[in-house]
Amino acid sequence: MLIINVFVLLILDFYIFFALKATKIKFAKTKTFAILWWSYSILLSLGVIISFKFNIPLTVRSIFLVAFFLTAASKFFFFFVLILDDIRRGGLWLTRLVIPKKTVKQAVNVLEMPVAEEPVKGITRSDFLTKAGILVGASPLVPLSWGIISGAYDYRVRRQKLYLPNLPAAFHGMTIGQISDVHSGSFYNRKAVNGGVDLLLNEKPDTIFFTGDLVNNVASEMRDYQDIFSRVKADLGVFSSLGNHDYGDYYFGKEDSAAKRKNLQDLIQTHKVMGWDLLNDENRILKVNNEELAIIGVQNWGTGRFPKHGDLKKALLGTEEQAVKLLLSHDPSHWRAQVLDTDVDVMFAGHTHGMQFGVRLKNVQWSPAKYVYKEWAGLYKEKENKQLYVNVGYGFLGYPGRVGILPEITIFELIKGNDPKGIV
């Protein structure tokens, strides 16, 4: 994917470069412009490849990735404006081939429009669209830059009541904190990350769930942040599960290898050192005042191209008599694919990040993620009180920021009874 993205951006570079040279913008025709344009593009592409292939300082890597993302977004916007102009000019060219020249001129006069490339008040239509494209191409820079400066670490606490008719009375009012998708390899601000953990701990949840993707690629990414997340504690324990990024597939490849196995063991050890109870297709029975509920965790299981490591049947063994079952499973697509066919009451997931872009208000939410995942953020319910909650993540991946879909810390309150609002 990295090579493909770089290749696509270079294709856009060629297209936009020659489009600019064809305009009346004098600087675009100079040798200096060509040197600056191609030097920036080549150095940026090399920088991104080096960032992923070699162990370079995090700050340098972040600079390359931020520059790459902002550049790509701007050029895509610019490209769409230019392609519209090329389609317009291509249509006129075809029209002139098919319709006699005299007829074309008459049609243009009727519409009171100039011939395609004739100046209109000092500027051709193509030059106007090209310059407008420059403005359109620059327009994403403002919100995307703000998403990096302000959104990446703007942690928000979201509160959610979970109504469970079969909840043992001892657990009525119990609180659960959830974080997901830390992606420690993307962080570049320890102070901000620590502040998010403070927010979680200030809520004093009875137990805490972490639903996968502790790292981007390798366990060593946690080296600078392990001490911070070791602070995440709760009276009834911290339970965790693995996400698709935790297996090292995106670094070592999908094939098995000794290095890949060691990396996974290092990551599992990281959970242990932090005091988190990692549930790999297993369960724990939580006891309060001689009453019980089951906390279940599976390895990553996702539809499509995502790995299917989890064994839900194995994880459920021994929970047959439990009145309430809470499941940690990273990928929300697991819910419809397998979980709804079981007696699991609530599944806690992450994975989508809400694509780190969109709108999330009290009664309205939208993100491009909704076109990829049926359940992508917040609470979802099916008949018989089957529930899924999707946390949009604590960290970020790729784009080092968030616009509208801010990093989330969820605090749940368990309520014995039926939701007065009914099925959602």
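In what follows, the structure referred to is the one given above.
Residues numbered from 1 in each chain as written. Predicted model: local features only at pLDDT ≥ 70, side-chain atom pairs only at ≥ 80, totals over all residues. Heavy atoms only, no water.

The strand order 1-14-2-3-4-5 describes an open sheet built from six strands, whose pairing is mixed. Each of the sheet's edge strands pairs with one partner strand only, and the pair in question is strand 1 (156-164) and strand 5 (277-278). Relative to strand 5, strand 4 (residues 238-241) runs parallel, the two being bridged by two bridges. Opposite F239, over in strand 5, you have D277 as the bridge partner. (Pairing = 2+ DSSP bridges. Helix = DSSP H or I, 4+ residues; strand = E, 2+ residues; numbered from the N terminus.)

Another aspect to go through is the layout of surface pockets. Of the volumes computed, that of the second largest pocket is approximately 700 Å³. Taken together, 21 residues form the lining of the second largest pocket, with R159, Q160, K362, L379 and K421 sitting closest to its centre. Among the secondary structure elements, those contributing two or more residues to the lining of the second largest pocket are strand 1 and strand 12 (378-382). A per-element tally of the lining of the second largest pocket places strand 1 first, with six residues. Across the lining of the second largest pocket, the residue classes break down as nine nonpolar, four polar and eight charged. (1 Å grid on protein atoms, 1.4 Å probe; cavity = no way out; pocket = protein on both sides within 12 Å on 5 of 7 lines; lining within 4 Å. Points joined across faces, edges and corners; volume = space filled by probe spheres on them. Nonpolar A, V, L, I, M, F, W, Y, C, P; charged D, E, K, R; others polar.)

The next subject is the nonpolar core. Residues F187, V193, L214, F229 and Y394 are the most contacted members of the largest nonpolar core, which totals 33 residues. Of all the secondary structure elements, the ones that give two or more residues to this core are helix 7 (190-202), strand 3 (207-211), helix 8 (226-229), helix 10 (258-273) and strand 14 (408-416). Looking at which element gives the most residues to this core, the answer is helix 7, with four residues. With 22 residues, the next largest nonpolar core counts V298, L327, A369 and V390 among its residues. (Core = buried A, V, L, I, M, F, W, Y, C linked by side-chain atoms within 4.5 Å. Buried < 20%, exposed > 50% of the residue type's maximum accessible area, 1.4 Å probe, protein only.)

One pass over the structure, following the stated rule, counts 15 salt bridges. R156 is the partner of D154 in a salt bridge, and the nearest nitrogen-oxygen pair spans 2.9 Å. Overall, D154 belongs to the partly exposed group, its relative accessible area being 23%. For R156, a relative accessible area of 43% puts it in the partly exposed group. Across the salt bridge formed by R360 and E408, the nearest N and O atoms sit 2.9 Å from each other. Here the residue R360 occupies a position in strand 10 (residues 359-360), and E408 occupies one in strand 14, the gap between them amounting to 48 residues. When sorted by exposure, R360 lands in the same class as E408, which is buried. By sharing partners, the salt bridges in this structure join D277, E282 and R284 into a single network. (Salt bridge = Lys/Arg side-chain N within 4 Å of Asp/Glu carboxyl O.)

So, about the packing of aromatic side chains. Taken as a whole, this structure holds 25 aromatic pairs when the rule is applied. Each ring, one from W366 and one from Y371, has its centre 6.4 Å from the other, and the planes form 65 degrees; the classification is edge-to-face. A relative accessible area of 60% places Y371 in the exposed class. Every member of this aromatic cluster is reached through a ring pair, and the members are Y153, Y155, F187, Y188, F210, Y225, F229, W276, Y394 and F396. Directly above the ring of W301 sits K308, whose terminal nitrogen or CZ lies 5.3 Å from the centroid. (Phe/Tyr/Trp six-rings, centres within 6.5 Å; stacked < 30°, edge-to-face > 60°. Lys NZ or Arg CZ within 6 Å of the ring centre and 35° of its normal.)

The next point concerns the sheet that holds strand 9 (residues 346-349). With respect to topology, six strands assemble into an open sheet ordered 6-7-8-9-13-12, the strand pairing being mixed. What marks the edges here is a single partner per strand, and that holds for strand 6 (282-288) and strand 12. On average, each strand axis in the sheet is inclined to that of its neighbour by 20 degrees, with strand direction left out of account. Bridge count between strand 9 and strand 13 (residues 386-390): four bridges; the pairing is parallel. Note on strand 13: the bridge partner recorded for F348 is Y389. (Axes fitted to C-alpha atoms, helices over the stretch in contact; angles between N-to-C directions.)

Relative to the elements of secondary structure, R223 occurs in the loop between strand 3 and helix 8. Judged by its relative accessible area of 64%, R223 falls in the exposed class. Spatially, the C-alpha atom of R223 lies 9.1 Å from that of S184, the residues being 39 residues apart in sequence.

With that settled, consider the pairing of strand 9. Side chains V346 and F348 of strand 9 all project onto a buried face; the interleaved residues M347 and A349 project onto the opposite face, where all are buried too. For strand 8 (residues 325-328) and strand 9, the ladder comprises three bridges, and the chain directions are parallel. When the sheet's bridge partners are listed, L328 is paired in strand 9 with F348.

As a further point, take helix 10. Compared with the 22 Å implied by 1.5 Å per residue over 16 residues, the 22 Å span of helix 10 between its first and last C-alpha is a close match. Among the residues of helix 10, those classed as buried are K260, N263, L264, L267, T270 and H271. Considered in projection along helix 10, the buried side chains sweep an arc of 110 degrees and stay on one side of the axis. Looking at helix 10, the residues exposed on the side facing more than 90 degrees away from the buried face are A258, K262 and K272. Following helix 10 by one or two positions, G275 adopts a phi angle in the positive range, close to 85 degrees. (Expected span 1.5 Å × (residues − 1). Arc of directions from axis to C-beta.)

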